[in-house]
Every structure is written in structure tokens, then in C-alpha cells.
Amino acid sequence: MVLELHVWGPAFSLPSIEAQCLAAIAYFSLAVPKDAWVLIASSDPSVSPTNELPAVKNGTTWVSRFRNIVDYLRQYSNGAWDLDRDLSGFDRADNIAFSSFVESRGQPLLDLSLYVSSENYYNRTSPAYGAILQWPNQWIIPPKLRSAAKSRTEHLGLSSLDLQAAEDQRKREHSAAVAAGQIPKNLVQRPRDTVSSLLGKTPQQNQFKLEALTAELFEPLEEILGQKSYLVSDGGATSVDCLALGYLALILVPDLPYSFLRSAMQTKAPRLSTYTERMRQRCYGTVDVEVAHAFDETRKSTTAATPLPWQPPQRANIATVCSTLLNTVADATPILKDIRSSERLRQAAQSPDSGLSGIESRALSEYATGQKKDMLVSIATVAGGVAALIGYMVHVGFIQISFGGEEGQWEEEGQGGEEEGGSEFALPELPTSVSATDFLGI
């Protein structure tokens, strides 16, 4: 059976816009025979039960996340598709440690470069998503991804890269100053800042932080690579090489307006840059990947220069579009959002791909279930309180409801003659002077 690898679509001349997807594509191209898999740029996490990409589909079986995919391919092929099969015990330990290092250091830098930076996001990242996403996802998914990236990097203290947020904060401070009478209302606002001007004003707070973050990734990897052909050994590429390629390719290849990452990599790690370009051509081909390759229904794009076995994704139908819109509305509704979050947490905890132990899975599942129950109890309590208030108002006569008519329909009561068969909450006439005791009917 042919395996289906579902990923985020091409961008920046690369076969995917996401690092883990690039890593999975590299692993498949090196380990799996070309006639045993197809590459589908679905660009929709909802195709996977875990709501994650990359994801491999084999019949009714779905496996997501790079490390889980590597383990599944090893088991499915009885070790034949395992790039790490020849590693010694020490090399396997290094392989795992280096993989964790690349993920923990590489993802925050990509978040800052592609999403937090307003210049890069609005000029490159958002249009790239617009080219691979179908309606209405092209308006829904990019802001959600950017919001998640900003949350992941908030602790780094580099939020000033988000020029829109910085401008909004400046406007709030300006309005507060105007309200306090500190500056004239007709003061001309200064022009919008750029990343360069922001970093120039606070180099010790921003530029130095970026220099430190890039050094934490590039310098150790440059030292680990040394004079070897690959990160672990000269024997051949392993899973950590595929994972590193996913992150380093998104750092080195994209032509961004604010290319601080690429400049830092080329300056601090020249051997690593050469290694990345060599691995890129080996895994993805010598020709730049275009969006049209992923959606070419004739599959003419699969050549020696572009060896990836693209298969066009299915077009969204009415049911899919309606489901996306409903889910978006539900996620934007406060109460439904919390309930759905708890349910997703429970499903993720019970998933066999969660990577949690049995005890951890049960504990997290029980926590999510309890959180959902607490939310439902709170809703029931509020509903009961509202019903009790309405009942009390009817009891004291503040609201009068009368039933009449031959057919048992509601009958309005009022001063001007009402029609039969209708219903209305009638407010009684209140005296001009009434005490609190008389008003409450005590």
C-alpha cells in the first residue's frame, strides 16, 4: 500500500513552509522507495485525527509528528526504512540529544523570523500561506499560527519585532497622555517604526538578544558538524540530519525583508550553511520547488530535478467549508472555546501518538474531563440562577403572564386593547411613590 505524507504546502522555494514537514519529506526521500509513497500538500491539519501536520496515512492508520513517523516507518518496514539502524549506542544517544537541541533552539528563531517580525510576516509569510490554502482557511489559519508563535516566544522579550503591536502600544500611550493633558491633541504623530529603527534605538535589548539566540543554535551545530559530512557520522545521513535540514533550510533559503537569521548563519556557521545547501539539493532536488508542483494534477513535475512524488490534494467541498466556518465560530465563542479545548486535550492525552506513559495519559485525560465537567456545572448554575430570578420576578408581580382565549393561546394584557392569541411580558403600572417593602411584596 502506498503511504500518504500530508504536509503544509510549498513556500520560499522549499517543498513546505513548516520545519517538521520539511524534516519528514527529507526522511521519506532518503529512506522510503519512490514508488512506496506520495506527497500531498493538504495544508489542513484537520485531515489528521490529531489535528497536526506532518501526518502519514496508511489505510485507516494515521501517524503525526516527525519522531512518531520515524518510529512508525521503522516498525512498518521491519527496519528496512530506518536511517538510524547502523548507529551505535553512543551515536543513538547523540542522535536523540542533537534532535532535541535542534527543536528547542530552532523553533523559537523561526517563530521570531517568520511570524513575530511584522515585516517578514506581512510581506512573505502571510502571502505564502495564501498561495497554498483554500478558502476560507487562507483568512483563518495564518493569524492563528502567528498568535501561537507570539505566545511561544513571549518569554524572549522580543515583542518589539511585532511592529503592529508596538504601534498599537504607542497609540495607547499617546491617547493616555492626551487624556491627562500632558501634550497637545493636535500633536503630529511620528512616522511608523521599522525593525531597523527599533533595533537601532534599543540595541542592548533587542540586537544583543538576537545575537545570543542565534549563537546558541549555530555555534554548537557548527562545532558538532566539524569536518564530517553529517552531524553524527560520515557513514550516512540519519534522522537528526533530516530534522536539522527542516529547520536550517527555513533559515537559510527564504529571501526575507529582515533576514537576520540567514545573515547570522552564514557569518557564524559557514560549514553548516554549505552542509544545509548540499542536503537540500539531495533531498528536495536541484530545482526550486514551486507551488504549482504540489497542485499539478498531471504529475509532470516529478522529474530527476524535482524528485518528490507530488499528488494534488482534494479540493474542499461545501461540507468541509461549512465545518471550517462552524469550528471557527465555536473557537471564537468563550464558553464553547473552553469546552472544545478541554475535549482536544483529552483526545490528545488518549492518543497512542501522545508519547505519554499510561499514568500520565490517564492523569491528563481525567484533568481534561474534570475541567469540562466544571465548565458544564458552571453553565448549569448560571442558567438555574437566571431561571430563578425570572420566576421570582413573576411571583412578585413585576412580570405578569396571563393565558386566555378559547384555544389556550397567550393573551396580552395592557392599556390599549390587545389581540388574542399573542404573548407579551406586561409591566404593571407602578405608583409614583412606593416603599421597598411594598415593591418586593413583603
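In what follows, the accompanying structure is described.

Here is what the cut-offs are and how they apply
- Residues numbered from 1 in each chain as written.
- Predicted model: local features only at pLDDT ≥ 70, side-chain atom pairs only at ≥ 80, totals over all residues.
- Heavy atoms only, no water.
- Helix = DSSP H or I, 4+ residues; strand = E, 2+ residues; numbered from the N terminus.
- Buried < 20%, exposed > 50% of the residue type's maximum accessible area, 1.4 Å probe, protein only.
- Areas by Shrake-Rupley, 256 points an atom, 1.4 Å probe, with all protein chains shown as cover.
- Pairing = 2+ DSSP bridges.
- Core = buried A, V, L, I, M, F, W, Y, C linked by side-chain atoms within 4.5 Å.
- Contact = heavy atoms within 4.5 Å.
- Expected span 1.5 Å × (residues − 1).
- Axes fitted to C-alpha atoms, helices over the stretch in contact; angles between N-to-C directions.
- Parallel < 35°, antiparallel > 145°, perpendicular 65-115°, else oblique.
- Nonpolar A, V, L, I, M, F, W, Y, C, P; charged D, E, K, R; others polar.
- Salt bridge = Lys/Arg side-chain N within 4 Å of Asp/Glu carboxyl O.

## Digging into the overall build of the protein
Right, so step 1: When helices and strands are tallied, the protein shows 16 helices and 4 strands.
Right, so step 2: Every one of the 442 residues in the protein was classed for burial, and the buried ones make up 40%.
Right, so step 3: A total accessible area of about 23900 Å² is found for the protein, and carbon and sulfur atoms account for 55% of it.

## Some remarks on the pairing of strand E4 (residues 61-64)
Right, so step 1: For strand E3 (residues 55-58) and E4, the ladder comprises 4 bridges, and the chain directions are antiparallel. Directly across from alanine 55, in E4, lies its bridge partner serine 64.
Right, so step 2: Taking the residues that link successive antiparallel strands as the turn, the E3-E4 hairpin has 2 residues, and the phi of glycine 59 there is positive, at about 70 degrees.

## Quick look at the nonpolar core
Right, so step 1: Judged by nonpolar contacts, the single largest core of 92 residues is most densely connected at Leu5, Phe28, Phe218, Leu248, Leu272 and Tyr275.
Right, so step 2: Those residues within four positions of leucine 248 in sequence are excluded, and the remaining contacts are Phe218, Leu221, Met265, Leu272, Tyr275 and Thr276.

## Observations regarding helix H8 (residues 207-225)
Right, so step 1: In this model H8 runs 27 Å from its N-terminal to its C-terminal C-alpha over 19 residues, within 8% of the 27 Å that 1.5 Å per residue would give.
Right, so step 2: By the burial criterion, the buried members of H8 are Leu210, Leu213, Thr214, Ala215, Leu217, Phe218, Leu221, Glu222 and Leu225.
Right, so step 3: Of the residues one or two after H8, glycine 226 is the one with positive phi, at around 55 degrees.

## Considerations on the pairing of E3
Along a regular strand, successive side chains alternate from one face of the sheet to the other.
Right, so step 1: One ladder, built from 3 bridges, connects strand E1 (residues 3-6) with E3; its direction is antiparallel. By the bridge assignment, leucine 5 is partnered in E3 with valine 56.

## Topic: the packing of H8 against helix H11 (residues 270-284)
Right, so step 1: Viewed as axis vectors pointing N to C, H8 and H11 meet at an angle of 75 degrees, and their least axial separation amounts to 8 Å. One finds that H8 runs roughly perpendicular with respect to H11. The residues of H11 that touch H8, namely those facing Phe218, Leu221, Glu222 and Leu225, are Pro270, Arg271, Leu272 and Tyr275.
Right, so step 2: Here the residues of the contact of H8 with H11 are counted per class, giving 6 nonpolar, no polar and 2 charged.

## Some words on the pattern of salt bridges
Right, so step 1: On inspection of all chains with the given rule, the structure shows 9 salt bridges.
Right, so step 2: A salt bridge links aspartate 71 to arginine 74, with the nearest nitrogen and oxygen atoms 3.1 Å apart. Here the residue aspartate 71 and the residue arginine 74 both occupy positions in helix H2 (residues 66-76), the gap between them amounting to 3 residues, near one helical turn.
Right, so step 3: Overall, aspartate 71 belongs to the partly exposed group, its relative accessible area being 25%.
Right, so step 4: Residue aspartate 111 is joined to arginine 152 by a salt bridge in which the shortest nitrogen-to-oxygen separation is 2.9 Å. With aspartate 111 in helix H3 (residues 89-116) and arginine 152 in helix H5 (residues 137-152), this pair connects stretches of sequence that are 41 residues apart.

## Some points on the environment of leucine 133
Right, so step 1: Looking at the secondary structure, you find leucine 133 in the loop between helix H4 (118-132) and H5.
Right, so step 2: Look past the residues within four positions of leucine 133 in its chain and what remains in contact with it is Trp8, Ser43, Gln138, Ile141 and Pro142.

## What about the sheet that holds E4?
Right, so step 1: The strand order E2-E1-E3-E4 describes an open sheet built from 4 strands, whose pairing is mixed. With partners counted over all chains shown, the strands left at the sheet margins are strand E2 (37-40) and E4, one partner each. Between one strand axis and the next, the sheet turns by 20 degrees as a mean value, whatever way the strands run.
Right, so step 2: Across the sheet, H2 touches E1, E3 and E4, and the angle it forms with E4 is around 135 degrees.

Without other data, these values stay purely geometric and don't point to any function.
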